Amino acid sequence: MRFKSLQPNKSLQRIKSLQRIKSLQRIKSPQPNKSIQRNLIFLNTRYYLRYFLDNISGNTNFAATFIAALSLYSTLTLQADSSELSISTIPTTATNQAVKNVILIIGDGMDDQQITIARNYLVGVQGQLILDKMPVRSSVQVLTVDETNPSLPIFVADSANSATAMATGMVTSRGRISTSAGDDKDLVTLVELAHQAGIRTGLVTSSSVTDATSAAFATHINNRHCENPDKMKFEKHGIVVDCSPDLKINGGPGSIAEQLITSGLHIILGGGQRNFNIPTARSINDQTVAGLAQAMGYQLAHDLNALTAITADKKILGLFANNHLPVRLRGEANRSAEKPSPSLANQIHRSQGQVTLPAPMSCEKNPTYKNTPSLEQLAKKAVEALSHNNPKGFFLMIESASIDKQSHSRQTCGAIGELAQLDETLGFILQFANKHPDTLVIVTADHGQAAQLVPDTSLFSGLDIPVYTPGKLVRLNMPQGGIMAINYATNEFIAEEHTGVAVPLFANVHGQGIIPTMLTQPDIFHIIRRFLTLPRAK
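Residues numbered from 1 in each chain as written. Predicted model: local features only at pLDDT ≥ 70, side-chain atom pairs only at ≥ 80, totals over all residues. Heavy atoms only, no water.

A. Local environment of the overall build of the chain. When its secondary structure is counted, the chain shows 15 helices and 23 strands. Here the chain, with 538 residues, has 53% of them falling under the buried criterion. Taking the contacts inside the chain whose residues are at least 6 apart along the sequence as the reference set, 76% of them involve residues at least 24 apart. For the chain, the accessible area works out to roughly 24,300 Å², and carbon and sulfur atoms hold 53% of it. (Helix = DSSP H or I, 4+ residues; strand = E, 2+ residues; numbered from the N terminus. Buried < 20%, exposed > 50% of the residue type's maximum accessible area, 1.4 Å probe, protein only. Contact = heavy atoms within 4.5 Å. Areas by Shrake-Rupley, 256 points an atom, 1.4 Å probe, with all protein chains shown as cover.)

What follows is the structure, given as structure tokens:
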């Protein structure tokens, strides 16, 4: 039997009349080619066949269902020949309701190695995190370009440029906060577009609120280190950081801290008191950035009791540490990864002598964590305030920041405890989404990080030759028994570096049929913008 494909305009009319899908979503492909187009047509064919089979069950209108599926296939197949590739937005039955809220959770440095290490420790090798139970899983390519030659790709990102990609849909160079590589133009963020649409916004992080990831969603500056009015031009280790054109005294928007306060954010929760206790560049009577915040209508909180006391209808600036929030766990006696110790004979020749590996360690509570608000507690307050008497919805970014920071310092236990906080926070967020089915939840990472799960006993241990890592090693006593070995070997400097691996993405039911199995970080911006029906960036 042969079926004649419907014309695109009629297809869209049928789609609209049947109310089976949302509007077609278009995500730009940087260099579409015939191979990509053929793959898209193949994927469309397979997807719409599955859509047809899924939806015909219990549906007496066989013809209407078939025509809807065929119409969608025809439309997208034609679009595959254009300069833009398309992602279908057919909702499942569970997602027919329009999305009003989007909650984006970012695990800084949370690649699959970090998730696996934490899963093994927290719930065992056969256990599942809340993260693992989400219905949608995808993979995200991290994109970075060279500062002096933006057409040249750089294969390992930092938090500033990777967060910028998610916040603006544009690829930039490392260190930049929502500004373009080379020409330093401001890039419009999700927060700014949300404000144009009357949608409330909030940022929650376990780092300083002026740190790169949170800053990228609401501020614009050429260097991530320009966090307060006193850090707009300085030199460190021979590197000059110059953000002076953005000084308020020069007619600019000011430092990251100042821009956060004037950005229109409803909720800002995290650390970073030190960046708000400094006079602004245009201070009156030495008005600090925190004083400016109060003048702009923010209620300030520095501990959990004060945060709890603030009513939900107030704008809130909550700063609960001088810099980043303390982590929950640490290695015993604050140990980090250590180098294996070769004997003298082994140092003379690698086939001789023996090598002593670092002694196993356990995780313990971090004594500096004390009364620090948990990420879940901060998220609860943010959701309460953003959803209070709010018919238009909200956008909330939550960052679990110290997965990355603890990996930089080779602290496996700290990263595990931080990922546990992300998972707990996700549990609360999913409960909220279940009660408010107009909420899209996305969990992803900004980039990969140093931490590699390796054998504690080498596969080559049977040979009469010592085999050991050239890096630094944590041998962790596991709650369920056994020893897990985590290797850090990106360099021998004071801090480990990021890696260029693709990162995972998870989503709740609203992502089904919407989020492809592979995407890039700028695509996350487009997906969120369209879910919230935000205007296009101009």
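B. Region of the structure containing the environment of Gln347. By the secondary structure assignment, Gln347 is in helix α11 (residues 344-348). Look at Gln347 and you get exposed, because its relative accessible area is 55%. At 3.3 Å, the side chain of Gln347 forms a polar contact with the backbone oxygen of Pro342. (Polar contact = N/O pair within 3.5 Å; in protein donor to acceptor, adjacent residues only side chain to side chain.)

C. Looking closely at the state of the cysteines. Enumeration over the complete set of coordinates arrives at two disulfides. Between Cys226 and Cys243 runs a disulfide, and the two sulfur atoms are separated by 1.9 Å. When the S-S torsion is 75°, as for the bridge of Cys226 with Cys243, the disulfide is right-handed. A residue pair is termed long-range when its members are at least 10 positions apart, and Cys226 in the loop between α7 (212-216) and β6 (233-236) and Cys243 in the loop between β7 (239-242) and α8 (256-262) qualify at 17 residues. Two residues, Cys363 and Cys413, share a disulfide whose sulfurs are 2.1 Å apart. Disulfide Cys363-Cys413: torsion about the S-S bond near -85°, hence left-handed. (Disulfide = S-S within 2.5 Å.)

D. Fine view of the sheet that holds strand β19 (residues 472-477). Across the sheet, three strands lie side by side as β18-β20-β19; this open sheet has antiparallel pairing. The sheet is open, and its two borders are formed by β18 (452-454) and β19, each paired with just one other strand. Sheet twist, expressed as the mean angle between neighbouring strand axes with direction ignored, is 35°. Two elements, β19 and strand β20 (residues 483-488), share six bridges in a ladder whose sense is antiparallel. Looking at β20, one finds that Arg475 is bridged to Ala485. (Pairing = 2+ DSSP bridges. Axes fitted to C-alpha atoms, helices over the stretch in contact; angles between N-to-C directions.)

E. Here's a closer look at the pattern of salt bridges. If you walk through the whole model with that rule in mind, you get 17 salt bridges. With its nearest N and O atoms 2.6 Å apart, the salt bridge here joins Arg137 to Asp112. One end of the pair, Arg137, is in strand β4 (residues 136-141); the other, Asp112, is in helix α4 (residues 112-122), with 25 residues separating them in the sequence. Accessibility expressed as a relative area gives 43% for Arg137, which makes it partly exposed. Across the salt bridge formed by Asp456 and Arg475, the nearest N and O atoms sit 2.6 Å from each other. (Salt bridge = Lys/Arg side-chain N within 4 Å of Asp/Glu carboxyl O.)

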